[in-house]
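# A closer look at the structure
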Amino acid sequence: MKKIIVEGLKYKYPLADSLALNDVTFDIKQGEFIGIIGKNLAGKSTLCQALVGLVPHFYKGAYGGKVIVDGLEVKNHSIADLSLKVGMVFQNPFTQVTGSKTTVYEEIAFGLENIGIPRTEIIERIDSVLDLLNIEQVKDHNPFDLSGGQMQRMAIASIIAMKPDILVLDEPTSQLDPAGSEEVFQAIQSLSKQGITVILAEHKMEKIAQYCDRVLLLNNGKVVDFDTPGKIFSREDLEGYGLTAPVYTRVCKALGVKKAGTDEYPVTLEEAERVLRGDGA
Amino acid sequence: MKSISLYEEKASFVHDVDPITKLWYIPFAILIPIILPSFTISFLFIGLSLVLLLGAKVIRKTIPVFGFVFLILITVVLIQGMFKPENETVLFQIGPLTMYKEGLLFALTITLRVINIICAFMILVLTTKPSDLVEALVRKGMSPRIGYVIVSVFQIIPEMMATMSTITDAQRARGMETEGKLLVRIKAFIPLLGPVVLGSLINTKERAMALEVRGFNSQAPKTYLYEEKTYQFSKVLQIGMLLLTMAAVSWRIFL
Ligand SMILES: Nc1ncnc2c1ncn2[C@@H]1O[C@H](COP(=O)(O)OP(=O)(O)OP(=O)(O)O)[C@@H](O)[C@H]1O
Ligand SMILES: [Mg+2]
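Here the structure is a predicted model, which is why all the values come from computation and not from measurement. (Residues numbered from 1 in each chain as written. Chains lettered and ligands numbered in written order. Predicted model: local features only at pLDDT ≥ 70, side-chain atom pairs only at ≥ 80, totals over all residues. Heavy atoms only, no water.)

## Examining the overall build of chain A
Across its full length, chain A carries 11 helices and 10 strands. In terms of C-alpha radius of gyration, chain A reaches 19 Å, essentially the compact-globule figure of 19 Å for 281 residues. Projected onto the principal axes, the alpha-carbon positions of chain A cover approximately 60 × 45 × 35 Å. Across the 281 residues in chain A, those meeting the buried criterion constitute 56%. Long-range pairs, those at least 24 residues apart, make up 62% of the contacts in chain A with a sequence separation of at least 6. When the accessible surface of chain A is split by element, carbon and sulfur atoms take 49% of a total near 11300 Å². Each charge class in chain A was averaged separately, 30 positive and 38 negative side chains, and the resulting centres sit 5 Å apart. (Helix = DSSP H or I, 4+ residues; strand = E, 2+ residues; numbered from the N terminus. Rg over C-alpha atoms; globule rule 2.2 N^0.38 Å. Buried < 20%, exposed > 50% of the residue type's maximum accessible area, 1.4 Å probe, protein only. Contact = heavy atoms within 4.5 Å. Areas by Shrake-Rupley, 256 points an atom, 1.4 Å probe, with all protein chains shown as cover. Lys, Arg positive; Asp, Glu negative; His and termini not counted. Charge placed at Lys NZ, Arg CZ, Asp CG, Glu CD.)

The following block contains the structure:
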């Protein structure tokens, strides 16, 4: 079942000279884990925001084409309506703190109160996301007193608690250390396994390769390619788009070893190990 | 986290009173002395408010406020006492300065009014958590958007001040003088304005987007994490104040 359909999407920010998204077309099936990659200013954040309705409803600007999310055409529905289906976590954790709550626990409750979830369920949901993102120990702290990484976990928890069918994450682990990032990715993967559709913009190519089913490669607002991590990272012209493949892929490329019976290089540690040890061949 | 709210968490019977009742006390304490303009009534209300502030154990926090207010009131007393146009009866003279009875009585009325108003507000401000008051008002039907603005100001202003001191520290580390004479301080302050103002504008935009995706503008009836606090005597106190106000009005009209 197609969960997200984007057709010929064009978008220009007000006062901007050029299109931030230029004729973007793709679709995503229910339960897929999708990565969005591209160099700085490629349009990743803009595309994420187009899926939750911030583009065009929040910014205005020139908009063409169609985005259909879980049967709702974004152009014709309010952000509040869409927020029941799609949740979005932003790049900067600091500006996602509402500023109207004095504890992490209350902060997570904010969205749930707004959409009218009954009290007992609010409490159940908060307890479960605190556990999922491993921030129980700071639940009574002031949100502004958290470290960047903890704030980022809280921001993700706040959105997950709203139980959207589709989760859009814009560089959600920029402030986390490697172990913290890995933990958060595991948590997101567990949601993905429960059938939630995940769309994630990210610069950490190793993570994209490890977790995503398919990867959307953006450049100057255009879709260059949309395929499996193996296919995307095996492209010869990747550097031309300002990207470097995962380190495992680069090593294997340098050694000239491809996955058995394909034209692709390994993209994860496991794949590389298998190929280099020769037991996958 | 520093707070700019004057509220102090304490256990007292005043803290346990419904925020809405404390809010009603303000117009009540201001109106009655206007309806019944006598010094006795004014003193009665100031006395009552002071007793409540004492009972709430927050009287010490009122001292700086009163200090500031007295400074202004002294000028009122002096100016009215000496220069009020209706001044006739000389009370006393200090050198070339003459104090008149009419002006002083008028100044006393103003002074009592002002102290009375300040006391009534302080009972609310010093003994009520801002978010409790706002939540109570939102439950009564105030727009959650207005409520959000009020509550967030108490958190976001200290945040801005923290940003400001981080930037000052960074500039001091680069050798900029930030302390000393007033002119030096002003010079150090100006380059702060750019990053702080611009930064908070960008933050505000991003925060607005984050609020949007968390259903801030949702039409669904809002729910609350905490159960509505039940307060004892709210109705009794509110009806009591209403009855007393009506009694004061009829006293004024019929007697
Ligand atoms: N609020 C805005 N107003 C005007 N133009 C904008 C705005 N936000 C982004 N743009 C422009 O839109 C284009 C795409 O930017 P976008 O933020 O989507 O890139 P990105 O891929 O998310 O980059 P990064 O990797 O730095 O996060 C850029 O040319 C950028 O200058
Ligand atoms: Mg971005």
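## Here we look at the pairing of strand 6 (residues 86–89) of chain A
Residue and element names in this part refer to chain A. Across the two faces of strand 6 the burial is the same, with Val 86 and Met 88 and Gly 87 and Val 89 all buried. When strand 6 meets strand 7 (residues 166–170), the two strands line up parallel, connected through four bridges. The partner of Val 89 across the bridge, within strand 7, is Leu 169. (Pairing = 2+ DSSP bridges.)

## Describing helix 1 (residues 19–35) of chain B
Spacing of three or four residues puts side chains on the same side of an α-helix, whose turn is 3.6 residues. Residue and element names in this part refer to chain B. The end-to-end C-alpha distance of helix 1, which contains 17 residues, comes to 25 Å, matching closely the 24 Å that a straight helix rising 1.5 Å per residue would cover. Taken as a whole, helix 1 has its buried residues at Pro 19, Ile 20, Thr 21, Lys 22, Tyr 25, Ile 26, Phe 28, Ala 29, Ile 32, Pro 33 and Ile 35. In this fold, the buried residues of helix 1 make contact with helix 2 (39–55), helix 4 (101–127), helix 5 (130–139) and helix 8 (234–254). Put simply, Asp 18 is the residue that caps the front of helix 1, since its side-chain oxygen is 3.1 Å from the backbone nitrogen of Ile 20. (Expected span 1.5 Å × (residues − 1). Polar contact = N/O pair within 3.5 Å; in protein donor to acceptor, adjacent residues only side chain to side chain.)

## Examining the coordination of the magnesium ion (ligand 2)
Residues and elements named next belong to chain A. Looking at the magnesium ion (ligand 2), one finds its protein donor set to be Ser 45 (OG) and Gln 91 (OE1), positioned 1.8 to 2.6 Å from the metal centre. Taken together, the residues Ser 45 in helix 1 (residues 44–52) and Gln 91 in the loop between strand 6 and helix 4 (104–114) connect sequence positions 46 residues apart. By relative accessible area, Ser 45 is classed as partly exposed at 21%. Judged by relative accessible area, which is 35%, Gln 91 ranks as partly exposed. (Donors = N, O, S within 2.8 Å, 3.2 Å for Na, K, Ca; no water.)

## Overview of the domain arrangement of chain B
Examined at the domain level, chain B breaks down into domain 1 (19–128 + 229–254) and domain 2 (136–212). Once you take the C-alpha centre of each, domain 1 of chain B and domain 2 of chain B turn out to be 35 Å apart. (Domains from an automatic or database assignment.)

## Digging into the nonpolar core
Core analysis: the biggest nonpolar cluster contains 94 residues, and Ile 108 and Phe 233 of chain A have the highest contact counts within it. The dominant element in this core, judged by the number of residues it contributes, is helix 6 (residues 148–160) of chain A, at seven residues. Residues in contact with Ile 108 of chain A, not counting those within four places in the same chain, are Ile 126, Val 129, Leu 130, Ile 135, Met 154, Ala 157, Ser 158 and Ala 161 of chain A together with Arg 214 of chain B. In this structure, Leu 73, Ile 115, Ala 120 and Ile 123 of chain B belong to the second largest nonpolar core, which totals 29 residues. (Core = buried A, V, L, I, M, F, W, Y, C linked by side-chain atoms within 4.5 Å.)

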